[in-house]
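Chain and residue survey
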Amino acid sequence: MPSCRACGSTAGDLVLDLGEQPPCDLFPAAADPGPDPLFPLRMWLCGQCSLAQLLEDPGTREEPAGVEPKALTDQAAHAVRVLRDAGVVRPGATVIEFGSPHGGSWLPLLRAEGMVDAAPGEPADVVLDCFGLMHEADQRAAMAGRAERLAPGGVLLMQYHSLASILAGKQWNALRHGHFAYYSTPAAITLAASAGLRPGRSWTFPLYGGTVLLELGRDLTPAQATEERVRAERAAGVADAAVVGGLGREAEAGGARLRELLTDRAKAGKRVIGYGAASRAVVLLWSAEIDIDLLPVIVDASPAKQGRRMPATRIPVETPRLLAGSPPDAVLLFVPDLLPEVRAAHPALGRPGCEWITV
Ligand SMILES: [Zn+2]
């Protein structure tokens, strides 16, 4: 029986079952014939604290990201400006970052604002967690570990891709191995309370279709906007297993739609190239049973992924330079946040007749 990674409750519901999936961080060499290993990929919603979470994890190690999307670095700069205006980021204040294994550190930006790294083991005025916490299997212990590092009056800044956005955008393929938690704001607040922290202000950013930055501290009072966010997310059904379970129906429908679209293009003799060998592309391709016959290649700017193939398929990953040589009839973009930068980097794809498909 599952028990909650945050509150330990065994009451809850299986809300999304994507069956057996390849680990989305394991890109085999292109010449490796497979078969690749498969593991169950399932999301469970705690009936007690309403944290949506990964049910089981194969424990494979994630490869570090080679290239940070510009959307991610732009958002970091935007968030730091917002936090400076809010008085959280200020010269002389100390900072600790609990980072994401995928990269994307804010420390260079914070140092440029005059913030100072806390000494090892010492508390800090600002503890930053930007997509780090979701990678922790034991959510309660991880939250406690962050709270422990707070200096008196200090704040923990927790940034997450919100479950409300995942639901609104039907982003069922956000579910992946290695990502243990999918926070709604109410569930994040309950988790923080287990470590003695209370919410203060909160901000949202368009990244990934809706990213929340939540301020937590020992003596904070919820800002009106934070209370409104909690109400709005509850009303949207973030704690309702029937609503979150809609992701499962969307997974089937979304996979079928993509397969149909690519089959159409293949029949019409159109050449389609995928862009962005992201983890969510792995889940989508496997769920939709799409292989090299429907999608001959995916390009990705990360040198670490080139010369490899998409897990559990024969689709090779190649350099984006491929796009310059012979522009395809259509580009299938797996990471919609990349659209502006991909368009800017490959003007040849802007010609009339080149179709852009976002998933
Ligand atoms: Zn729970």
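What you see is a predicted model, and the numbers here were worked out from it, not measured in a lab.

Our focus in this paragraph is the coordination of the zinc ion. Around the zinc ion, the protein contributes the donor atoms Cys4 (SG), Cys7 (SG), Cys46 (SG) and Cys49 (SG), at 2.2 to 2.4 Å from the metal centre. Metal-centred angles of 99 to 114 degrees between the 4 donor atoms at the zinc ion mark the site as tetrahedral. On the primary sequence, the residues serving as donors to the zinc ion are separated as C-x2-C-x38-C-x2-C. Taken as a pair, Cys4 in the segment before strand S1 (12-21) and Cys49 in the loop between strand S2 (39-46) and strand S3 (52-54) lie far apart in primary sequence, 45 residues in all. Like Cys49, Cys4 is buried.

Here we come to the pattern of salt bridges. Counted under the stated rule, the structure contains 12 salt bridges. The salt bridge partner of Arg257 is Glu250, with a shortest N-O separation of 2.8 Å. Arg314 is the partner of Asp291 in a salt bridge, and the nearest nitrogen-oxygen pair spans 3.5 Å. A residue pair is termed long-range when its members are at least 10 positions apart, and Asp291 in the loop between helix H9 (279-287) and strand S12 (298-299) and Arg314 in the loop between S12 and strand S13 (317-318) qualify at 23 residues.

The subject of this paragraph is the sheet that holds strand S11 (residues 272-275). Read across the open sheet, the 5 strands follow the order S13-S12-S11-S14-S15; overall the sheet is parallel. Since the sheet does not close on itself, it has two edges, and those belong to S13 and strand S15 (355-358), each with one partner. In terms of strand pairing, strand S14 (residues 330-333) meets S15 through 4 bridges, oriented parallel. Its bridge partner lying in S15, Leu332 is registered against Ile357.

Turning next to the UniProt feature "domain: Methyltransferase putative zinc binding" (unreviewed entry) in the protein chain. Per the UniProt annotation, the sites labelled "domain: Methyltransferase putative zinc binding" (unreviewed entry) are residues 4-56. Regarding residues 4-56, the helix share stands at 0% and the strand share at 40%, and the terminal C-alpha atoms are separated by 12 Å.

A word on the nonpolar core. Core analysis: the largest hydrophobic core is formed by 58 residues, its most contacted members being Met43, Leu295, Met310 and Phe334. With 5 residues, the single largest contributor to this core is H9. Inspection of this core shows a minimum of three residues originating in each of domain 1 (52-244) and domain 2 (255-358). Not counting residues up to four positions away in its chain, the partners in contact with Met43 are Asp13, Leu14, Val15, Leu16, Ala52, Gln53, Leu175, Tyr182, Val244 and Leu247. Membership of the second largest hydrophobic core comes to 56 residues, among which are Ile96, Met115, Val127 and Cys130.

We now examine the side chain of His346. Looking at where His346 falls in the secondary structure, it is placed in the loop between helix H11 (339-345) and S15. For His346, a relative accessible area of 14% puts it in the buried group.

On the UniProt side, "domain: C-methyltransferase" (unreviewed entry) is annotated at positions that read residues 208-358 here. This span, residues 208-358, is 38% helix and 15% strand, and a straight line between its end C-alpha atoms measures 13 Å.

Take the environment of Pro33 next. The residue Pro33 is located in the loop between S1 and S2 in this model. For Pro33, a relative accessible area of 76% puts it in the exposed group. Along the primary structure Pro33 and Thr313 are separated by 280 residues, whereas in three dimensions their C-alpha atoms are 9.4 Å apart.

This brings us to the sheet that holds strand S4 (residues 94-98). Strand order in this open sheet of 6 strands is S5-S4-S6-S7-S10-S9, and the pairing throughout is mixed. Among the strands making up the open sheet, the edge pair consists of strand S5 (116-117) and strand S9 (198-205). Bridge count between strand S7 (residues 150-161) and strand S10 (residues 211-217): 6 bridges; the pairing is antiparallel. Counterpart to Leu156 in the pairing with S10 is Leu216. In this fold helix H1 (residues 70-85) packs onto S7, S9 and S10, with an angle of close to 135 degrees to the strand it touches most, S9.

Attention shifts here to helix H8 (residues 246-267). If you check H8, its first and last C-alpha atoms are 32 Å apart, about what 22 residues at 1.5 Å a residue would give, namely 32 Å. Residues Gly246, Leu247, Glu250, Ala251, Gly254, Gly255, Leu258, Leu262 and Arg265 constitute the buried set of H8. Considered in projection along H8, the buried side chains sweep an arc of 160 degrees and stay on one side of the axis. Exposed and oriented more than 90 degrees from the buried face of H8 are Arg249, Glu252, Glu260 and Lys267.

Here the focus is the environment of Ala232. Relative to the helices and strands, Ala232 is located in helix H6 (residues 224-235). C-alpha separation for the pair Ala232 and Leu294, spaced 62 residues apart in sequence, amounts to 40 Å.

Burial of the side chains of S14 extends over both faces: Ala330 and Leu332 are buried on one face and Val331 and Leu333 on the other. Across 4 bridges, S11 lies against S14 in parallel orientation. Counterpart to Gly274 in the pairing with S14 is Leu332.

This next bit is on the domain arrangement of the protein chain. Each assigned domain of the protein chain is listed with its residue range as follows: domain 1 (52-244) and domain 2 (255-358). With 12 residues of domain 1 at the contact, the number on the domain 2 side is 12 residues. Of the roughly 1000 Å² buried where domain 1 meets domain 2, counting both sides, 60% is carbon and sulfur surface. Scanning the region where domain 1 abuts domain 2 turns up 0 salt bridges. Applying the counting criterion to the domain 1 and domain 2 interface returns 3 residue pairs in polar contact (both at pLDDT 80 or more). Considered class by class, the residues forming the side of domain 1 that touches domain 2 number 8 nonpolar, 2 polar and 2 charged.

Criteria and cut-off values
- For every chain, the first residue of the written sequence is number 1, and numbering continues from 1 onward in sequence order.
- Predicted model: local features are reported for residues with pLDDT of at least 70 only, side-chain atom pairs are reported and counted for 80 or more only, and whole-chain, interface and lining totals are derived from all residues.
- Hydrogens and water molecules were not included; the side-chain quantities draw on all heavy atoms of the structure.
- Water is not among the atoms examined, so metal sites may look incomplete; donors are the N, O and S atoms within 2.8 Å of the metal, or within 3.2 Å for Na, K and Ca.
- Each label reflects the angles at the metal, where four donors whose angles all fall between 85 and 135 degrees are tetrahedral, four or six donors whose opposite pairs open beyond 155 degrees and whose other angles stay between 65 and 115 are square planar or octahedral respectively, and the rest are irregular.
- Each helix is a run of H or I in the DSSP string that is no shorter than four residues. Each strand is a run of E no shorter than two, and both are numbered from the N terminus.
- Think of it in three bands: residues with accessible area under 20% of the maximum for their type are buried, residues over 50% are exposed, and the middle band is partly exposed, with areas taken using a 1.4 Å probe on protein chains only.
- Any carboxyl oxygen of Asp or Glu that lies within 4 Å of a side-chain nitrogen of Lys or Arg is treated as forming a salt bridge with it.
- Paired strands, as defined in this entry, are two strands with at least two bridges between them according to DSSP.
- UniProt positions are given in the numbering used here, feature names are shortened, and annotations may be inferred rather than shown by experiment.
- Buried Ala, Val, Leu, Ile, Met, Phe, Trp, Tyr and Cys residues form a nonpolar core when they are joined through side-chain atoms within 4.5 Å.
- Note: domain ranges come from an automatic or database domain assignment.
- Residues are treated as being in contact if the distance between any of their heavy atoms lies within 4.5 Å.
- The axes used here are C-alpha line fits, helices contributing only the stretch in contact, and every angle between their N-to-C directions lies in the interval 0 to 180 degrees.
- Here, expected helix span is obtained from the residue count minus one, scaled by 1.5 Å.
- When we speak of the arc, we mean the arc of directions from the helix axis to the C-beta atoms.
- In short, buried area is how much 1.4 Å probe accessible area vanishes from two parts on joining, totalled over both.
- Polar contacts, as counted here, are pairs of nitrogen or oxygen atoms within 3.5 Å of one another; within protein the pair requires one atom able to donate a hydrogen and one able to accept it, and residues that are adjacent in sequence qualify only if both atoms are side-chain atoms.
- Residue classes follow a fixed rule: Ala, Val, Leu, Ile, Met, Phe, Trp, Tyr, Cys and Pro count as nonpolar, while Asp, Glu, Lys and Arg count as charged, and any other residue, Gly among them, counts as polar.

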